[in-house]
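Descriptive structure summary
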Amino acid sequence: MKIKKTILSNKLRIVSIPMDTPTVTVLVLVEAGSNYETKDINGLSHFLEHMCFKGTKKRPTALHITKELDGIGAQYNAFTSNEYTGYYAKVEKKHFDTILDVVSDIYLNPVFDEHEVEKEKGVIIDEINMYEDMPSRHVHDLFAEVLYGNQPAGWNVAGTKEIVRNMSRKDFVLYRNKHYVASSTIVVIAGNINQTKAIEKVKKKFAEIPTSNKGSKLKVKELQKKPEIILKHKKTDQTHLVLGFRAFDAFNKKRLVLEVIAAILGSGMSSRLFQKLRDEMGVGYYVRANEDLYTDHGSIAVSTGVTNSRAREVVKAILKEFERLKYEVVSNDELNKVKEHLIGTMYLQLEPTDAIANFYGGQEVVTGKIKTAEEIAKGIKKVTPQQVQELSKELFNEKGLNIAMIGPFKNKKVFDSVFKLK
């Protein structure tokens with residue numbers, strides 16, 4: 001797999017990945033997400049992503065866009081995160097020119113029709129309501145809030161219903177002009193392509209992209225001095241929770257050690273927390289651990305949903321597993337098993353062209369550097385038991401401890417006696 005990064009004279013980046021496959025994916029990423037917003041426009045990055053599909057100069061309505069893509073059997077969508085937004089389409093290789101034309105068009109030429117803006121407000125508000133009705137999903141929004149509070153990293157990517165209602169066409173135009181520029185944009189092409197010809201086609205499609213200076217974002221402030229709990233009262237049959245610690249940014253050399261630690265705790269059915277909660281305690285249908293790293297902040301956390309009456313017991317059990325990593329050296333057998341699990345899972349996930357596009361494009365948009373799967377696998381294999389213990393001792397302390405919960409509890413003091421480390 002020959003991965004090529006091309007930087008044009010206007011600073012637009014092209015990442016091209018030829019593959020022996022019947023499909024091709026075009027993904028356009030922009031360094032613009034909720035972390036780039038101010039409070040009065042929180043949610044605009046996400047709303048703008050919706051509006052790009054509502055019509056362009058060449059394709060004046062949403063139906064013009066969707067009919068063309070549906071007519072060639074394409075899979076297509078968009079997404080918004082804290083630090084970037086993405087627009088993509090995946091299709092049979094013979095339709096590469098079509099999806100490149102459509103995806104570049106919605107990215108470069110949205111019209112932001114005022115009538116469509118007003119209609120889409122209802123869709124966005126329903127989306128916010130939907131996620132608030134899904135405690136296993138919404139609890140992650142609360143975890144960001146308890147970590148970062150009233151700053152962009154702590155705000156909901158979708159914004160609030162009140163802010164969404166007050167947005168206008170002018171907001172979209174100003175924000176897009178500030179952030180959707182060449183130096184903030186990455187075009188990723190993965191699949192059955194002629195690499196040289198594909199790059200030339202991208203150059204032509206993006207020849208008129210604005211070249212003004214890209215917009216900036218506020219640096220995240222880490223202010224925590226003691227363990228923090230955020231509890232949202234909701235009549236539920238389960239308590240959904242996310243428990244974790246502050247970590248570091250995506251540039252840190254210890255990031256693969258952190259990935260291994262997360263896998264030891266909660267990746268796979270043989271992981272420590274799956275064994276503890278599911279097999280020993282008989283609670284928690286799902287349990288997983290993930291590291292979540294960005295340009296200037298990061299965390300590692302465990303998420304699960306458990307019977308309300310056993311929530312305190314489960315919090316105590318999760319904390320005990322974090323403590324074990326500090327005071328007990330992981331065995332070589334367990335560490336090797338986890339490494340092979342991580343590497344094997346990574347390769348299995350990288351079979352489709354859209355996964356490849358996201359894997360390499362995601363690295364470029366966050367860090368500006370690309371590592372191959374082979375390089376990452378090599379780094380994972382080098383992680384030692386001593387590194388796991390040292391990083392656990394560094395991170396797993398009460399100063400960086402946080403928990404977010406949704407459940408029928410009205411007073412977070414119920415958890416005070418168990419929410420502590422040795």
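Because the structure is predicted, anything quoted here is derived from the model rather than measured.

Parameters and conventions
Residues numbered from 1 in each chain as written. Predicted model: local features only at pLDDT ≥ 70, side-chain atom pairs only at ≥ 80, totals over all residues. Heavy atoms only, no water. Helix = DSSP H or I, 4+ residues; strand = E, 2+ residues; numbered from the N terminus. Rg over C-alpha atoms; globule rule 2.2 N^0.38 Å. Contact = heavy atoms within 4.5 Å. Areas by Shrake-Rupley, 256 points an atom, 1.4 Å probe, with all protein chains shown as cover. Lys, Arg positive; Asp, Glu negative; His and termini not counted. Charge placed at Lys NZ, Arg CZ, Asp CG, Glu CD. Expected span 1.5 Å × (residues − 1). Buried < 20%, exposed > 50% of the residue type's maximum accessible area, 1.4 Å probe, protein only. Arc of directions from axis to C-beta. Pairing = 2+ DSSP bridges. Axes fitted to C-alpha atoms, helices over the stretch in contact; angles between N-to-C directions. Salt bridge = Lys/Arg side-chain N within 4 Å of Asp/Glu carboxyl O. Core = buried A, V, L, I, M, F, W, Y, C linked by side-chain atoms within 4.5 Å. Phe/Tyr/Trp six-rings, centres within 6.5 Å; stacked < 30°, edge-to-face > 60°. Patch = residues over 30% accessible without salt bridge, like charges linked within 9 Å, V, L, I, M, F, W, Y side chains within 5 Å.

Summing up its helical and strand segments, the protein has 15 helices and 11 strands in all. In summary, the protein has a C-alpha radius of gyration of 22 Å against a globular reference of 22 Å for 422 residues, a match within 12%. Counting only C-alpha atoms, the protein reaches 60 × 45 × 35 Å along its principal axes. Here the contacts in the protein between residues at least 6 apart in sequence split such that 81% fall between residues at least 24 apart. For the protein, the exposed surface amounts to about 19,600 Å²; the carbon and sulfur share of it is 49%. Across the protein, the mean location of the 65 positive side-chain charges is 3 Å away from that of the 53 negative side-chain charges.

Helix length check: helix H9 (residues 255-266), at 12 residues, gives a terminal C-alpha distance of 17 Å against a target of 16 Å (1.5 Å per residue), a fit within 8%. Burial of H9 is extensive: 10 of the 12 residues sit out of reach of the surface. Of the residues making up H9, those classed as buried are Leu256, Val257, Leu258, Val260, Ile261, Ala262, Ala263, Ile264, Leu265 and Gly266.

On to helix H7 (residues 169-179), then. Listed in full, the buried residues belonging to H7 are Phe172, Tyr175, Arg176 and His179. Looking down the long axis of H7, one finds its buried residues gathered within 100° of arc, a one-sided arrangement. Across H7 from its buried face, at more than 90 degrees, point the exposed residues Lys170 and Leu174. Of the surrounding elements, those touching the buried residues of H7 are strand S3 (23-30), helix H1 (44-51), helix H3 (96-108) and helix H4 (114-132).

Within the open sheet, the six strands sit side by side as S1-S2-S6-S3-S5-S4. Their pairing is mixed. One side of each edge strand has no neighbouring strand; the edge strands of this open sheet are strand S1 (4-7) and strand S4 (75-80). For this sheet, the mean inter-axis angle between neighbouring strands, taken without regard to orientation, is 15°. Looking at chain direction, S1 and strand S2 (residues 13-18) are connected through four bridges and run antiparallel. Of the residues in S2, the one forming a bridge with Lys4 is Ser16. Sheet strands in contact with helix H8 (residues 195-205) are S1, S2 and strand S6 (185-191), and its direction is about 150° off that of S2.

The next point concerns the pattern of salt bridges. Side chains that carry opposite charge are capable of pairing whenever their charged atoms lie near each other. Going through the model one piece at a time under the given rule, you end up with 28 salt bridges. Two residues, Arg13 and Glu31, come together in a salt bridge whose shortest N-O distance is 2.7 Å. With Arg13 in strand S2 and Glu31 in the loop between S3 and H1, this pair connects stretches of sequence that are 18 residues apart. The class of Arg13 is buried, set by a relative accessible area of 9%.

To continue, consider the nonpolar core. Counting residues in each nonpolar core, the largest one holds 73 residues, and the members touching the most others are Leu243, Val260, Ile261, Val315 and Val388. If you tally residues by element for this core, the top one is H9, at nine residues.

Attention now goes to the packing of aromatic side chains. Scanning all chains against the criterion turns up 14 aromatic pairs. With a centroid separation of 6.3 Å and 50° between ring planes, the pair formed by Tyr107 and Phe206 is classed as tilted. Here the residue Tyr107 occupies a position in helix H3, and Phe206 occupies one in the loop between H8 and strand S7 (228-233), the gap between them amounting to 99 residues. Residue Tyr107 is classed as buried on the basis of its relative accessible area of 0%. Taking relative accessible area as the criterion, Phe206 reaches 1% and is therefore assigned buried.

Strands in a sheet are paired, the pairing made by backbone hydrogen bonds, and the direction either parallel or antiparallel. Strands sit in the order S7-S11-S8-S10-S9 across an open sheet of five strands; the sheet is mixed. Each edge of the open sheet carries a strand with a single partner, namely S7 and strand S9 (287-293). For this sheet, the mean angle separating the axes of adjacent strands, direction not counted, is 15°. Inspection of the sheet shows strand S8 (residues 238-246) paired to strand S11 (residues 401-407) by six bridges, in the antiparallel sense. Note on S11: the bridge partner recorded for Phe245 is Leu401.

Together, Arg312, Lys316, Lys320 and Lys422 make up a positively charged patch on the protein surface. The residue Lys422 is located in the segment after S11 in this model. By relative accessible area, Lys422 is classed as exposed at 75%.

Pairing analysis gives seven bridges linking S9 to strand S10 (residues 298-307), with the strands arranged antiparallel. Note that in S10 the partner of Asn290 across the bridge is Ala301. Hairpin remark: S9 followed by S10, antiparallel, with four residues in the connecting loop.

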